[in-house]
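# Summary of the model geometry
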Amino acid sequence: MNTDPIADYLTRVRNAIKANHRIVEIPSSKIKKEITKVLYDKGYIQSYKFDDSVVQGTIKIALKYNPNTKQSAIVKLERVSKPGLRKYTGSENLPRVLNGLGVAILSTSKGVMTEKEARAKKVGGEVLCYVY
């Protein structure tokens, strides 16, 4: 029984980066799929594939590394809103990560998006994680 599947997702990606793996496989859910799409759109991962052949399904993520320095595109993944303490924010005070160099991923009523998209749509929501 996993109490925080988003934290498990972030930890699996973080561990794969530390071990210099090219591909990480994660159990699938709707919110994890949306977070994966946001990471791909913002250029933090190389590609992804949803495999729904089994009941729960899996997400295969190809991690992105710099070809010269072998450094990952993701420097840090940080979980913000936890099951014990949820962090919500309004549209007027959305967080800025590294002065705009990173992204905060939010779960809003309009779907999962970055804080920049939420600011443009004037919606607030639960701050899931910071990525930079």
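Overview of the structure. Because the structure is predicted, anything quoted here is derived from the model rather than measured. Going along each chain's sequence as written, the residues are numbered from 1 onward. Reporting of local features is limited, given that this is a predicted model, to residues whose pLDDT is at least 70; pairs of side-chain atoms are given and counted only at 80 or more, and all residues count toward the totals for whole chains, interfaces and linings. Working from all heavy atoms in the structure, the side-chain values ignore hydrogens and water.

## Overview of helix α2 (residues 30-41)
Secondary structure elements are taken from DSSP: a helix is a run of H or I of four residues or more, a strand is a run of E of two residues or more, and numbering for both begins at the N terminus. To estimate the expected span of a helix, count its residues, drop one, and scale the result by 1.5 Å. The terminal C-alpha atoms of α2 lie 17 Å apart, and with 12 residues this matches the ideal 16 Å at 1.5 Å per residue to within 8%. Along α2, the residues classified as buried are Lys32, Lys33, Ile35, Thr36, Val38 and Leu39. Following α2 by one or two positions, Gly43 has its phi on the positive side, about 85 degrees. For the exposure calls, accessible area comes from a 1.4 Å probe over protein chains only, and a residue counts as buried if that area is under 20% of its type's maximum, exposed if over 50%, partly exposed in between.

## A closer look at the pairing of strand β1 (residues 23-27)
The side chains of a regular strand alternate, residue by residue, between the two faces of the sheet. Residues Val24 and Ile26 of β1 are buried on one face, while the alternating residues Ile23, Glu25 and Pro27, pointing to the opposite face, are not. Two elements, β1 and strand β3 (residues 58-63), share five bridges in a ladder whose sense is antiparallel. Bridge pairing in β3 links Val24 to Ile61. What makes two strands pair is DSSP finding at least two bridges between them.

## What to know about the pairing of strand β8 (residues 125-131)
Of all seven residues in β8, six are buried; the element is thus mostly enclosed. Pairing of strand β4 (residues 77-79) with β8 involves three bridges; the strand directions are antiparallel. The partner of Leu77 across the bridge, within β8, is Val131. One ladder, built from two bridges, connects strand β5 (residues 88-89) with β8; its direction is antiparallel. Across the sheet, residue Thr89 finds its bridge partner in β8, namely Gly125. Sheet analysis places strand β6 (residues 103-108) next to β8, joined by six bridges and oriented antiparallel. Across the sheet, the residue bridging to Ile105 is Cys129, located in β8.

## As for the nonpolar core
Counting residues in each nonpolar core, the largest one holds 25 residues, and the members touching the most others are Val13, Ile61, Leu63, Ile105 and Val131. When contributions to this core are tallied by element, the ones reaching two or more residues are α1 (5-18), β1, α2, β3, β6 and β8. If one sorts the elements of this core by residue count, α1 sits on top with six residues. When residues are assigned to domains, this core turns out to be shared by domain 1 (5-63) and domain 2 (77-131), each giving three or more. The criterion used for residue contact is that any of the two residues' heavy atoms lie within 4.5 Å. The residues contacting Ile105, other than those within four sequence positions of it, are Ile35, Val38, Leu39, Val112, Met113, Glu126, Val127, Leu128, Cys129 and Val131. In this description, a nonpolar core means a group of buried Ala, Val, Leu, Ile, Met, Phe, Trp, Tyr and Cys residues linked to one another through side-chain atoms lying within 4.5 Å. In this structure, Val80, Leu94, Ala104 and Leu106 belong to the second largest nonpolar core, which totals nine residues. The split into domains, and so the bounds of each, comes from an automatic or database assignment of domains.

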